[in-house]
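Architecture at a glance
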Amino acid sequence: MLLAYIDPGLGSLLWQGIISVFIGFLFYLKKTRRMIVNFFRKTFRSPPRDGGPAAPAPLVKNAAAKPDAR
Amino acid sequence: MFRVVAPGALAEFTDFFQTAAARQFIAGRKLVTARPLAESEIAPLRAAPGLQSLRAALNPGAVFEHERIPFAGYPQDWPPEMLWAAGRLTLDLARAALADGFGLKDATPHNILFRGPEPVFVDALSFERRAPGDPIWKPYAQFLRTFLLPLLANRRWGLTMAEIFTTRRDGLQPEELYRWCGPLEKFRPRTLSLVSIPTWLSRQADPDDPKIYQPRLLADPEQARFILESLFNRLERQLRSLRPAAEKNSTWSDYMATHSYDDPAFAAKEKFVAGALAEFQPARVLDAGANTGHFSALAAQSGAAVVAVDLDAACVGKIWQRARAQRLNILPLAVDLARPAPALGWCNREQSSFLDRATGAFDGVLMLALIHHLLVTERIALAEILRLAAELTRGVLVIEWIEPGDAMFRRLTRGRDGLHAGLDAAAFERACAAHFEIVRSAALPGTQRRMYCLRRKGGG
């Protein structure tokens, strides 16, 4: 029988909060970077030779290189 | 091993066991199984006298049986290597559960036992469904106190897990380590993040401000998950940097290279032990004074589940590394047989003492090159040593008798030879007769040592 409970700490909890704010900011930087990359991919993709609709630009890096899962 | 789950926690408990994370870790034998009991299995529990207070809760679907871990070793018994492995498993589980929408609500080594050298997470009620927008891992501070800071204290000041966890259930506080650090050390990168900054922040903040502890949910669940995953990655990097060194040495860790046996004597000792193991085939063996585990490995290779104990945590760490690398069924524990781990916790009932756990738990006990340390260094009477051995084994005891004239014996007595003047093999055999019958004995050539294979009287 172990009577477990958690002391959330004080300094460590605040430090985690500060780290989380920093990482949260990184998340938005990463998201913004992805949006910019996708924008330029869509804008500067080469049109198909037969004049038909272009294939959608991959949202994920190297996604086009992945083999068809069928 | 049964667990009764309260109605309020039941859905969360059963849902967690349906997740991919739980299935993956159960398949890998890293998470304990939980089998719901049928009504026919619960009925006898309701009638059990010790379970009357739980009678109303003993309902189908609420009672689970966990697999039994053969021998409980607690954090105070572990070498730092095992704490490190337990921390790694805790982080792996927290990360895997996150992907399934669950969170680990406490992060303490008390959630973990070892099956042989492998950690197993046993507190299955530690998982809860997490709020998708919550970017805070509540047990972050507990993970620091019970894993990272003890590993840091072990590395920096040589504190053993017994020294830390025997007196502190919840590990070390950053403020405690801060006081131990010198002025420059407080600014070293690892200390800064784990010790100094948390200490400075706790001094600045008002501990009575309830806002500090209020949950703050983010609007974007993807962002919250990104933050937690990054936090786990960061903790894993910190844990990796505190991994105990593989080649850590102590007074006893080089014993196999420096012991006083020549090759024929050691071969004879090995043959004697192997013969006893083959004859009695003990399923569970305690190797007391295991050193770096040479004979523990021999017992494990013969098919026994071995608990190897030694007072030297560096030796025990080496046994753990070897057992893990060679997949040997050895649970190594840092236990001093002369001062074994006491019962701990509230009313001394949270964790039982080492001797309570070990008494009668083994079919065979090895006590090799140990008796002179107990007789001389610890001043334990021969009759007492044999009484303890008879309590530990249900069957066979393989013990090495060392004459007081032996070089190692004399090194320990340091001139006090008169204290053990009456002790010889005949006196040893007379003392054994109180609890054991002698199956066979053999002198080790070129030494003043003799091997004995003893069968416990009234045992198997």
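Here the structure is shown first, and the text comes after it.
Residues numbered from 1 in each chain as written. Chains lettered and ligands numbered in written order. Predicted model: local features only at pLDDT ≥ 70, side-chain atom pairs only at ≥ 80, totals over all residues. Heavy atoms only, no water.

Digging into the overall build of chain B
The following threshold applies: Secondary structure follows DSSP: runs of H or I at least 4 residues long count as helices, runs of E at least 2 residues long count as strands, and numbering of each begins at the N terminus. With the radius of gyration taken over C-alpha atoms, the globule rule is written as 2.2 Å times the number of residues to the power 0.38. In this scheme, a residue with accessible area under 20% of its type's maximum is buried, one over 50% is exposed, and one in between is partly exposed, where area comes from a 1.4 Å probe on protein chains only. We call two residues in contact when some of their heavy atoms are within 4.5 Å.
Scanning chain B from terminus to terminus reveals 18 helices and 14 strands. Its C-alpha atoms give chain B a radius of gyration of 25 Å, within 12% of the compact-globule value 23 Å for 460 residues. Once the C-alpha set of chain B is aligned to its principal axes, its extents read approximately 80 × 65 × 40 Å. Counting every position in chain B, which comprises 460 residues, the buried fraction comes to 52%. The long-range share in chain B, meaning contacts at least 24 apart out of those at least 6 apart in sequence, stands at 72%.

Quick look at the overall build of chain A
For clarity, the cut-off: Accessible surface is estimated by sampling points in the Shrake-Rupley manner with a 1.4 Å probe; for residues, cover comes only from the protein chains shown.
In terms of helices and strands, chain A carries one helix and zero strands. By the burial criterion, 20% of the 70 residues in chain A qualify as buried. Surface exposure of chain A reaches about 5600 Å², of which carbon and sulfur atoms provide 66%.

A look at the sheet that holds strand β10 (residues 330–334) of chain B
Whether parallel or antiparallel, the strands of a sheet pair through hydrogen bonds between backbone atoms. All names here are of chain B. Where we set the bar: Following DSSP output, two strands are said to pair if at least two bridges run between them. The axes used here are C-alpha line fits, helices contributing only the stretch in contact, and every angle between their N-to-C directions lies in the interval 0 to 180 degrees.
One open sheet holds the seven strands; their spatial order is β10-β9-β8-β11-β12-β14-β13, and the pairing between them is mixed. Each edge of the sheet is formed by a strand with only one pairing partner; in this case those strands are β10 and β13 (436–443). Here the average twist between neighbouring strands, direction ignored, is 15°. Running at roughly 170° to strand β9 (residues 305–310), helix α12 (residues 294–301) makes contact with β8 (284–288), β9, β10 and β11 (362–367) of the sheet. Running over the sheet, helix α13 (residues 313–326) touches β9 and β10 and is turned about 165° from β10.

Topic: the packing of helix α1 (residues 11–44) of chain A against helix α8 (residues 189–204) of chain B
Each pair of packed helices can be described by the angle between their axes along with the distance between the axes. Our working rule: Roughly parallel refers to an angle under 35 degrees, roughly antiparallel to one over 145, roughly perpendicular to one between 65 and 115, and oblique to any angle outside these ranges. Basically, the charged four are Asp, Glu, Lys and Arg, the nonpolar ten are Ala, Val, Leu, Ile, Met, Phe, Trp, Tyr, Cys and Pro, and anything else, Gly included, counts as polar.
Two numbers describe how α1 of chain A lies on α8 of chain B: the axes approach to 7 Å, and their chain directions differ by 105°. One finds that α1 of chain A runs roughly perpendicular with respect to α8 of chain B. Residues Gly11, Ser12, Leu14, Trp15 and Ile18 of chain A of α1 of chain A pack against Ser193, Ile197, Pro198, Leu201 and Ser202 of chain B of α8 of chain B. Taken together, the residues of the contact of α1 of chain A with α8 of chain B sort by class into six nonpolar, four polar and no charged.

A closer look at unusual backbone geometry
All names here are of chain B. Positive phi, close to 55°, is recorded for arginine 327, a residue that is not glycine. Its location among the elements puts arginine 327 in the loop between α13 and β10. Note on arginine 327: relative accessible area 77%, which makes it exposed.

Some remarks on the pattern of salt bridges
Pairing between side chains of opposite charge can happen when the charged atoms of each approach one another. Residues and elements named next belong to chain B. The following threshold applies: Should a side-chain nitrogen of Lys or Arg be within 4 Å of a carboxyl oxygen of Asp or Glu, the pair is scored as a salt bridge.
Within the structure shown, the criterion is met by 26 salt bridges over all chains. In this structure, glutamate 67 engages arginine 115 in a salt bridge whose closest nitrogen and oxygen atoms are separated by 2.5 Å. Taken together, the residues span a long stretch of sequence, with glutamate 67 in the loop between β3 (63–66) and α4 (80–99) and arginine 115 in strand β5 (residues 112–115) at a distance of 48 residues. Taking relative accessible area as the criterion, glutamate 67 reaches 24% and is therefore assigned partly exposed. Residue class for arginine 115 comes out buried when judged on its relative accessible area of 15%. Put simply, arginine 455 and glutamate 437 hold a salt bridge, and the shortest N to O gap is 2.9 Å.

Observations regarding the nonpolar core
So the rule is basically this: By nonpolar core is meant a set of buried Ala, Val, Leu, Ile, Met, Phe, Trp, Tyr and Cys residues that side-chain atoms within 4.5 Å join together.
By size, the foremost hydrophobic cluster in this structure holds 107 residues, and its most contacted members are Trp137, Leu235, Leu333, Phe354 and Met367 of chain B. Here this core gets twelve residues from one element, more than from any other, and that element is α4 of chain B. Discounting residues that sit within four places of it in the chain, tryptophan 137 of chain B has contacts with Gln16 of chain A together with Leu91, Ala94, Leu104, Ala107, Phe143, Leu228, Leu231, Phe232 and Leu235 of chain B. If you look at the next biggest cluster of nonpolar residues, it comprises 25 residues, including Phe295, Ala299, Val306 and Leu444 of chain B.

Some remarks on the sheet that holds β3 of chain B
All names here are of chain B. Strand order in the open sheet formed by three strands is β1-β3-β2, with antiparallel pairing between adjacent strands. Because the sheet does not close on itself, it has two edges, and the strands there are β1 (2–4) and β2 (34–36). Direction aside, the axes of adjacent strands within the sheet are offset by 35° on average. Examined bridge by bridge, β1 and β3 share three bridges and lie antiparallel to one another. What sits directly across from phenylalanine 2, in β3, is glutamate 65.

With respect to the pairing of β5 of chain B
Both faces of β5 of chain B are covered, namely the face carrying Ile112 and Phe114 of chain B and the face carrying Leu113 and Arg115 of chain B. As consecutive antiparallel partners, β5 of chain B and strand β6 (residues 118–121) of chain B are separated by two residues, and within that stretch glycine 116 of chain B has a phi angle of approximately 60°, a positive value.

With respect to the pairing of β11 of chain B
Each regular strand displays side chains that alternate between the two surfaces of the sheet. Residues and elements named next belong to chain B. Across the six residues that make up β11, a large majority, five, are buried. As paired elements, β11 and strand β12 (residues 393–402) share five bridges and run parallel to each other. Residue pairing for β12: methionine 367 is matched across the bridge by isoleucine 399.

Looking at helix α1 (residues 7–18) of chain B
All names here are of chain B. Our working definition: Helix span is expected to be 1.5 Å times the residue number reduced by one. Here the arc refers to the directions that run from the helix axis out to each C-beta atom.
Here α1 spans 18 Å end to end across twelve residues, near enough to the 16 Å set by a 1.5 Å rise per residue. Taken as a whole, α1 has its buried residues at Phe13, Phe16 and Phe17. Each buried residue of α1 lies within a common arc of 95° when the element is viewed along its axis, so the set occupies one face. Turned more than 90 degrees from where α1 packs its buried face, Pro7 and Gln18 sit exposed.

Re a nonpolar patch on the surface
Here is the rule we go by: Here the term patch refers to residues with relative accessible area over 30% and no salt bridge, with like charges joined within 9 Å and nonpolar side chains (Val, Leu, Ile, Met, Phe, Trp, Tyr) within 5 Å.
A contiguous nonpolar surface patch, about 420 Å² in accessible area, is contributed by Phe22, Phe25, Leu26 and Leu29 of chain A. Relative to the assigned elements, phenylalanine 25 of chain A resides in helix α1.

Here we look at the interface of chain B and chain A
Where we set the bar: Computed with a 1.4 Å rolling probe, the buried area is the accessible surface lost when two parts are put together, summed over both parts.
Chain B puts 38 residues into the contact, and the matching count from chain A is 28 residues. Across the interface of chain B and chain A, roughly 3000 Å² is buried in total on both sides, 68% from carbon and sulfur atoms. When residues of chain B are sorted by the area they lose upon contact with chain A, Arg169, Phe226 and Glu350 of chain B head the list and together hold 18% of the total. In this structure, the connection of chain B to chain A is made through one salt bridge. Between lysine 31 of chain A and aspartate 220 of chain B there is a salt bridge; the shortest N-O distance is 3.5 Å.

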